[in-house]
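# Structure at a glance
Spelled out from the first residue to the last, the chains are:
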Amino acid sequence: MPLLVNREVSSELAQLPTTPFGDYLEMDAQAQASVRAIRASGEDSLEQLLEHINQFDLIALEFPVLRDGRAFSFARALRGAGFKGQIRAVGETSRDKLSFLERCGFDAVELDDSQFKREHLEAYTEISVRYQAAADQPLPIYRQTGAIQ
Amino acid sequence: MYIYNEVDQRLVDERVAQFRDQTQRFLAGDLSEDEFLALRLMNGLYIQRQAPMLRVAIPYGLMTAEQLRVLAQVSREFDRGYGHFTTRTNIQFNWPKLEEVPDILERLATVQLHAIQTSGNCIRNTTTDHFAGIHPSETDDPRPWCELIRQWSTLHPEFAYLPRKFKIAVTASPEDRAASQVHDVGLHLIRNDSGELGFEVLVGGGLGRTPIIGKKIRDFLPAPELLSYLEAILRIYNLKGRRDNKYKARIKILVEAIGIEAFAEQVEAHWQTLKDGPLRIPQSEIDRVSAFFSGHPYRDNAAGDLTLDEKLESDTDFRTWYARNTHPHKQPGYRAVTISLKPLLGAPGDITALQMDVVADLAERFSFSQIRSTHEQNLVLGDVAQEDLYTVWQILSEHNLARPNVGLLTDMIVCPGFDFCSLANAKTLNIAEQINRTFEDLDYQHDLGEIRLNMSGCINACGHHHVGHIGILGVDKKGEDWYQITIGGSSREDASLGKVLGRAVSALEVSSTLERLLETYVDLRLEGERFIDTVRRLGVAPFKEAAYAIAS
């Protein structure tokens, strides 16, 4: 399972052990303190997750099916709240989501082995225009220098 | 009208290349059917009953003569010489070849047209009043705000995989010509007591299986915060909207489930983290975009023309058309002209390549080279000087574009139905033709007065049947087409949902049922009372009794 980190194929182990956020919430404070990486999905409470972000180095967000886009909003909210650790997309990720994932604040993506080809990294540069403010571009088009005549 | 700068053009060009690559990977077998489905839908491409269908965006229903000519070319070269205007003011081509779609998109991009987000579970084309910028009663021009929404929503990275599609309409008049109350978000441009521009915001309206009138979420949103507020609504929807059942996935279901107060609280709380931030639109940007929509160089003496009155006096047909198909304009001596795409014979909303060229020529000669498409599936020349109306009418008449039926019974909104659409349960075009033939007599139509008839071939309600004064819904009963009739709906400022008249009728009985229904109206109406008002005054009962009197 290739892991992309900042647009590069990473040598890191893709399957870093991550505790489900639900399990993390059940732990006592001492056990919680040892957890640095968790795995969350759209079913978890974003509000609760935001309360604990300083605890984590890595938050893996799950795409349970191709069409479930909740994790995009989770990632933006996490970056918006100042989370500086890795946000990793796991589950039903795909080549054609790479650019949107990055724009929303994901800096790492697990991709299916059978699907991955090196040329898929071209997905990141297909669209160069950013109309919206997002995690990769703090300003909307009308505040970007030089974008407007 | 908004003209692309280098950045806008680059985005569309890059999107064409991206889609070409996606199509090639799909055809080469490198992209699964399921993955390609989501990608092609976000670019307006369906696989329909007969062939693929490509839906091209007409942002807020405004296009140039040059663009319409290219649409005509595309329909000739890649399709069968016609197109179909939709209730989202877009145009559909019903017969393109999948492998040629990238070439079509490339051609469209040469004139700043595209198919971005005309389908799929994303933010769709924003619609507005087809008299935007010209109607005497409007607060201000809504189109600069539509353009700002267009840019913000185009390839928005967070909102490309929403629970379901998302539609926004903007109006700026007390009258609602954009069906704003049955949109996911309806925006009404208003001024507050201090004269500042802002929006009354509605949320959670929609049609489909569960028709709901939108609810007010905010009395007054300062206009510069439009996009920060929309972003807050969309984020809450993306996070909380249902994903387990596509029929319960629209924002209206979420708003109903948790209540408008709770939904508003969540949006408001989230908006507090976004407002007064980078998304706030600076005045300089509002001015820049607004300048594209500033008025045309109107003739000062247009109202001094005397020929219009002479023609109205001498030519009855012209007078009828003028009364029905032209509309007030805020500039003295000018009228807006509705081009009826509702001929006696022909699918409502369809237009041939030749007709597109004719309309483009007329726009160039008489209406500052611009054309509007309406959610009622007609076209509008927005700015015609009164002295030119007679010539415009003559040319439209020659090309079967001047049927004086705008706002009347045969000015029907009709989805393509079973003949084209793979979702449809029943045919619609044959019923539209039956109604056209039964009510061919224009004098009778004029006597019946304003009636909005909307027809859908399935429960998804693309033909807006719930909000027709008369709504017709095609249903499948054991392999046969049957039609359920509703009355009393409206998509206007007095929005309401139609009530079911009674049991469904067979395909053969639709127009005879309508005849009895309308005879009853004629019998019961007060002087000058519209059909919808009679229904509202008396309820469904007398109509029901009459409609089924003979049949039962």
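Residues numbered from 1 in each chain as written. Chains lettered and ligands numbered in written order. Predicted model: local features only at pLDDT ≥ 70, side-chain atom pairs only at ≥ 80, totals over all residues.

### Let's talk about the pairing of strand E8 (residues 185-191) of chain B
All names here are of chain B.
- Among the seven residues in E8, five count as buried, and that is most of the element.
- The sheet contact formed by strand E7 (residues 168-171) and E8 spans four bridges and is parallel. Looking at the pairing, threonine 171 lines up with histidine 188 of E8.
- The pairing of E8 with strand E9 (residues 197-203) spans seven bridges and is antiparallel. Pairing of isoleucine 190 across the sheet is with glycine 198, part of E9. (Buried ≥ 20, exposed ≤ 12 C-beta atoms within 10 Å, placed from the backbone. Helix = DSSP H or I, 4+ residues; strand = E, 2+ residues; numbered from the N terminus. Pairing = 2+ DSSP bridges.)

### Notes on the interface of chain B and chain A
- With 34 residues of chain B in contact, the opposing surface of chain A contributes 32 residues.
- Taken together, the elements giving at least two residues each to the side of chain B that touches chain A come down to helix H1 (6-27), helix H2 (33-41), helix H5 (143-153), helix H6 (226-240) and helix H9 (283-291) of chain B.
- For the side of chain B that touches chain A, the per-class residue count stands at 15 nonpolar, nine polar and 10 charged. (Contact = placed C-beta atoms within 7 Å. Nonpolar A, V, L, I, M, F, W, Y, C, P; charged D, E, K, R; others polar.)

### Here's the deal with the sheet that holds strand E1 (residues 45-47) of chain B
Residues and elements named next belong to chain B.
- Reading across from one edge, E1-E2-E5-E4-E13 is the order of the five strands in this open sheet, with antiparallel pairing throughout. The sheet is open, and its two edges are formed by E1 and strand E13 (350-352), each paired on a single side. Ignoring which end each strand starts from, the neighbouring axes of this sheet average 30° apart.
- Note: strand E4 (residues 82-85) against strand E5 (residues 91-93), two bridges, orientation antiparallel. If you follow histidine 84 over to E5, its bridge partner there is glutamine 92. (Axes fitted to C-alpha atoms, helices over the stretch in contact; angles between N-to-C directions.)

### Comments concerning the packing of helix H14 (residues 429-438) of chain B against helix H16 (residues 510-524) of chain B
All names here are of chain B.
- Axis separation between H14 and H16 bottoms out at 9 Å; the angle between their running directions is 45°. With respect to H16, the element H14 is oriented oblique. For the crossing formed where H14 meets H16, the hand is right-handed. Between H14 and H16, the contacting residues are Ile431, Gln434, Ile435 and Thr438 on the first element and Val510, Ser511, Leu514 and Glu515 on the second. (Parallel < 35°, antiparallel > 145°, perpendicular 65-115°, else oblique. Left-handed = near helix turned anticlockwise from the far one by under 90°.)

### As for the domain arrangement of chain B
- With domains assigned, chain B is organised as domain 1 (6-109), domain 2 (134-291), domain 3 (302-398) and domain 4 (413-547).
- With six residues of domain 1 of chain B at the contact, the number on the domain 4 of chain B side is seven residues. (Domains from an automatic or database assignment.)

### Describing the nonpolar core
- Within the largest apolar cluster, 204 residues are counted, with the highest numbers of intra-cluster contacts made by A:Ala75, B:Leu226, B:Ile233 and B:Val359.
- Among the elements that take part in this core, H6(B) stands out by supplying 10 residues, more than any other.
- For B:Leu226, the contacting residues outside a window of four places in its chain are B:Trp145, B:Leu148, B:Phe199, B:Leu221 and B:Ile281. (Core = buried A, V, L, I, M, F, W, Y, C linked by C-beta atoms within 7 Å.)

### A short note on the sheet that holds strand E11 (residues 326-327) of chain B
Residues and elements named next belong to chain B.
- The strand order across the open sheet formed by five strands is E3-E14-E15-E12-E11, and the pairing between neighbours is antiparallel. Two strands bound the open sheet, and with one partner strand each, they are strand E3 (62-64) and E11.
- Pairing of E11 with strand E12 (residues 334-339) involves two bridges; the strand directions are antiparallel. By the bridge assignment, histidine 327 is partnered in E12 with alanine 336.

### Observations concerning the confidence of the model for chain B
- Scored by pLDDT, chain B has a mean of 96; 99% of the residues are at 70 or more.
- Both confidence scores are given for the complex: pTM 0.97, ipTM 0.96. (pLDDT = per-residue confidence, 0-100.)

### Quick notes on the pairing of strand E17 (residues 453-456) of chain B
All names here are of chain B.
- Burial along E17 is two-sided: the residues Leu453 and Met455 and Asn454 and Ser456 are all buried.
- Where strand E16 (residues 413-414) and E17 come together, two bridges link them in parallel fashion. By the bridge assignment for E17, isoleucine 413 is matched with asparagine 454.
- Where E17 lies against strand E18 (residues 470-477), four bridges are found, and the strand directions are parallel. Bridged to leucine 453 within E18 is isoleucine 470.

### Focus: the packing of H5(B) against H9(B)
Residues and elements named next belong to chain B.
- Closest axis-to-axis distance for the H5/H9 pair is 9 Å, and the angle between their directions is 110°. Looking at the two axes, H5 sits roughly perpendicular to H9. Crossing angle aside, the handedness with which H5 passes H9 is right-handed. Contacts from Pro144, Glu147 and Leu148 in H5 reach Ile286, Val289 and Ser290 in H9.
- Looking at the contact of H5 with H9 residue by residue, the class counts come to four nonpolar, one polar and one charged.

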